[in-house]
Amino acid sequence: MTLRLHDTATRTVRDFLPLTPGKAGLYLCGATVQAPPHIGHIRSGVSFDILVRWLKVSGLEVTFCRNVTDIDDKILRTASAEGSPWWAVAERNQRAFTRAYDVLGCLPPDVEPRATGHVPEMITLIRRLIDSGHAYAAGGDVHFEVSSYDRYGALSGQRPEHMRAADDIEGGSAKRDPRDFALWKGHKPGEPYWDTPWGPGRPGWHLECSAMATKYLGPTFDIHGGGLDLVFPHHENEVAQSRAAGDGFARYWLHNGLVNLGGEKMSKSLGNSLLVDAMVAEVRPVELRYYLGQAHYRSGIEYSPEALAEASAAYRRIEGFVVRASEAAGTGTGTGRAAGTGGTGGTGGTGGTGLPLASSLPAAFVAALDDDLAVPQALAVVHEVVTEGNTALAAGDQAGADKQAESVRAMLGVLGLDPLAAPWATAGDSGLSDVVEALVRVALDQRQAARARKDYPAADAIRDQLHAAGIVVEDTPAGPRWELAR
Ligand SMILES: [Zn+2]
């Protein structure tokens, strides 16, 4: 079976046939860095991280480009409201986005271009559009002439006569048609600007992405991704200007569903309590990733603390099996969360990427992800194998448990959720986890000795002190085991 993906442009699920066999180029609209990310922003990062992982596991050599929009009306507004330079606002929020992608285990892109570093490429694209009669300079701005491109509206499935005016109204009076959108915005006092043959100014958002995508991926590339809220006008305008200029542009358009709060799209004002930095102080990042990644990427997520708690519990069930199986096999260090083999265990990997080989995955799991990344069905397979593995553990069938644990870890690796692999495993942190393990063992031996001489207050005191240090002790038939408190 081949990978099939839902293409917004055709509104169908299509076989994914890369432009160059064995390779895949992916452009994802990244952050507009006017504020730190909430979970609505970062869901896109997680969804497309799963896609990137799956393309790689499927044997493709992926070039993943995710941009940063570091010049924009909203960034300028934030900067002027707080009295900071616009570039300082952009830098600060870009760091917050990078932190959020990293903390949620998203693989870094191969290139992360910033709009302000690509003005020459944008000027070249404007030149091509003016020369071919698709754009015009007027009143200091340069506009794309929508009526010059007969497929305008095709991506978002709208008829031109029903389309609303472009929202960059400041250039309105000089436009030939209200739907025309700004490729370049003429300089206004107090705003940053770059010189062009059509006068000083700054780039329009849509132009930035067309220029950056084709610079890194070529005039025609495989996949363009982004949130569902970007289909119109952003992506409609990107495809119009690039194709009008003669580029093939994206061959597949993928859009992730949004995270809603109280039935509304999460906005800056609604989403403050759901900033990624604040969320990961309350919930383990791996559980937040599980929550954001578990739904089908095209479905909307209605945020609720209860649903997040359910996702956490589901992840812990999987994690609990993996950790216990690893402890029973003696491959872990017996420290719960601190256990780690630092890699993908015995599953092999795809050429140093840390990802499992497709051949190590259950066929039903592969079939689910090949079917437009059906993560809910893929997770159902994970949970089934966990159930079988727990049964094997309870029956003392170590070989069976090992086999199921290996399979579960391979599947989790594809989803970026393997608790014993980077970045979730703490093994490899300069050997500190080994030191902690040894120290906790000393304390637990003292506690056992106190119990043996029936000095229960001393035994309890040791347990309480460990607890105060963030360590939970559990007595099992095989002796005490410990893990970090969550
Ligand atoms: Zn974009």
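Preceding this section is the structure that the text describes.
What counts, and at which threshold
Residues numbered from 1 in each chain as written. Predicted model: local features only at pLDDT ≥ 70, side-chain atom pairs only at ≥ 80, totals over all residues. Heavy atoms only, no water. Helix = DSSP H or I, 4+ residues; strand = E, 2+ residues; numbered from the N terminus. Donors = N, O, S within 2.8 Å, 3.2 Å for Na, K, Ca; no water. Buried < 20%, exposed > 50% of the residue type's maximum accessible area, 1.4 Å probe, protein only. Expected span 1.5 Å × (residues − 1). Arc of directions from axis to C-beta. Contact = heavy atoms within 4.5 Å. Pairing = 2+ DSSP bridges. Axes fitted to C-alpha atoms, helices over the stretch in contact; angles between N-to-C directions. Core = buried A, V, L, I, M, F, W, Y, C linked by side-chain atoms within 4.5 Å. Parallel < 35°, antiparallel > 145°, perpendicular 65-115°, else oblique. Left-handed = near helix turned anticlockwise from the far one by under 90°. Nonpolar A, V, L, I, M, F, W, Y, C, P; charged D, E, K, R; others polar.

**Looking at unusual backbone geometry**
For step 1, the next point in the chain: In this model, Phe232 is joined to Pro233 through a cis peptide bond whose omega is 0°.
For step 2, the next point in the chain: Its place among the elements puts Pro233 in helix H6 (residues 231-244).
For step 3, the next point in the chain: Not every positive phi belongs to a glycine, and Arg11 is a case in point at roughly 55°.
For step 4, the next point in the chain: Topologically, Arg11 is positioned in the loop between strand E1 (4-7) and strand E2 (12-15).
For step 5, the next point in the chain: Even without being a glycine, Lys454 presents a positive backbone phi close to 60°.
For step 6, the next point in the chain: If you trace the backbone, Lys454 turns up in the loop between helix H14 (432-452) and helix H15 (456-468).

**Focus: the coordination of the zinc ion**
For step 1, the next point in the chain: Looking at the metal site, the zinc ion is ligated by Cys29 (SG), Cys209 (SG) and His234 (NE2), spaced 2.1 Å from it.
For step 2, the next point in the chain: In primary-sequence terms, the residues that donate to the zinc ion follow C-x179-C-x24-H. Highlighted residues: Cys29 in strand E3 (residues 23-32) and Cys209 in helix H5 (residues 205-217), separated in sequence by 180 residues.
For step 3, the next point in the chain: Judged by its relative accessible area of 0%, Cys209 falls in the buried class.

**Focus on H15**
For step 1, the next point in the chain: Helix length check: H15 (13 residues) gives 18 Å between terminal C-alpha atoms against 18 Å at 1.5 Å per residue, within 8%.
For step 2, the next point in the chain: The complete set of buried residues in H15 reads Ala459, Ile462 and Leu466. Within H15, the buried residues cover an arc of 60° as seen down the axis, which keeps them to one side. Seen from the open side of H15, the exposed residues pointing more than 90 degrees away from its buried face are Pro457, Asp464, Gln465, His467 and Ala468.
For step 3, the next point in the chain: Residues of H15 that are buried sit in contact with H14 and strand E14 (471-476).
For step 4, the next point in the chain: One or two positions beyond H15, positive phi appears at Gly470, with a value near 95°.

**Re the sheet that holds strand E10 (residues 249-256)**
For step 1, the next point in the chain: In spatial order, the strands read E4-E3-E9-E10; together these 4 strands make up an open sheet with parallel pairing. Among the strands making up the open sheet, the edge pair consists of strand E4 (61-69) and E10. Each neighbouring strand pair of the sheet contributes to a mean axis angle of 25°, computed without reference to strand direction.
For step 2, the next point in the chain: Examined bridge by bridge, E3 and E4 share 8 bridges and lie parallel to one another. When the sheet's bridge partners are listed, Leu26 is paired in E4 with Phe64.

**Quick word on helix H3 (residues 86-103)**
For step 1, the next point in the chain: Its 18 residues give H3 an end-to-end C-alpha distance of 26 Å, which sits within 8% of 26 Å, the value for a rise of 1.5 Å per residue.
For step 2, the next point in the chain: Those residues of H3 that sit buried are Val89, Ala90, Asn93, Gln94, Ala96, Phe97, Ala100 and Tyr101. Taken around the axis of H3, the buried residues stretch over an arc of 160°, which confines them to a single face. Summarising the geometry of H3, the exposed residues directed more than 90 degrees from the buried face are Trp87 and Arg95.

**As for the nonpolar core**
For step 1, the next point in the chain: Judged by nonpolar contacts, the single largest core of 81 residues is most densely connected at Ile39, Phe365 and Val408.
For step 2, the next point in the chain: Ranked by the residues each element gives to this core, the list is headed by helix H1 (residues 39-57), at 10 residues.
For step 3, the next point in the chain: If we skip the residues at most four places from it in the chain, Val408 touches Ile318, Phe321, Val322, Val382, Val385 and Val386.
For step 4, the next point in the chain: The next biggest cluster of nonpolar side chains, apart from the first, holds 43 residues, and it includes Tyr27, Ala135, Leu207 and Trp253.

**Comments concerning the environment of Ser407**
For step 1, the next point in the chain: Relative to the assigned elements, Ser407 resides in helix H13 (residues 398-415).
For step 2, the next point in the chain: Residues Ser407 and Pro362 lie 45 residues apart in sequence; the distance between their C-alpha atoms is 7.3 Å.

**Considerations on the packing of helix H10 (residues 305-329) against helix H12 (residues 375-394)**
For step 1, the next point in the chain: Taken N-terminus to C-terminus, the directions of H10 and H12 make an angle of 40°; their axes are 10 Å apart at the nearest point. Classified by the interaxial angle, the pair formed by H10 and H12 is oblique. In this structure, H10 crosses over H12, and the sense of that crossing is left-handed. Contacts between H10 and H12 involve Ala314, Arg317, Ile318, Phe321, Arg324, Ala325 and Ala328 from the former and Val382, His383, Val386, Thr387, Gly389, Asn390 and Leu393 from the latter.
For step 2, the next point in the chain: Among the residues forming the contact of H10 with H12, the class breakdown is 8 nonpolar, 4 polar and 2 charged.

Note that all results are geometric; they support no functional claim without further evidence.
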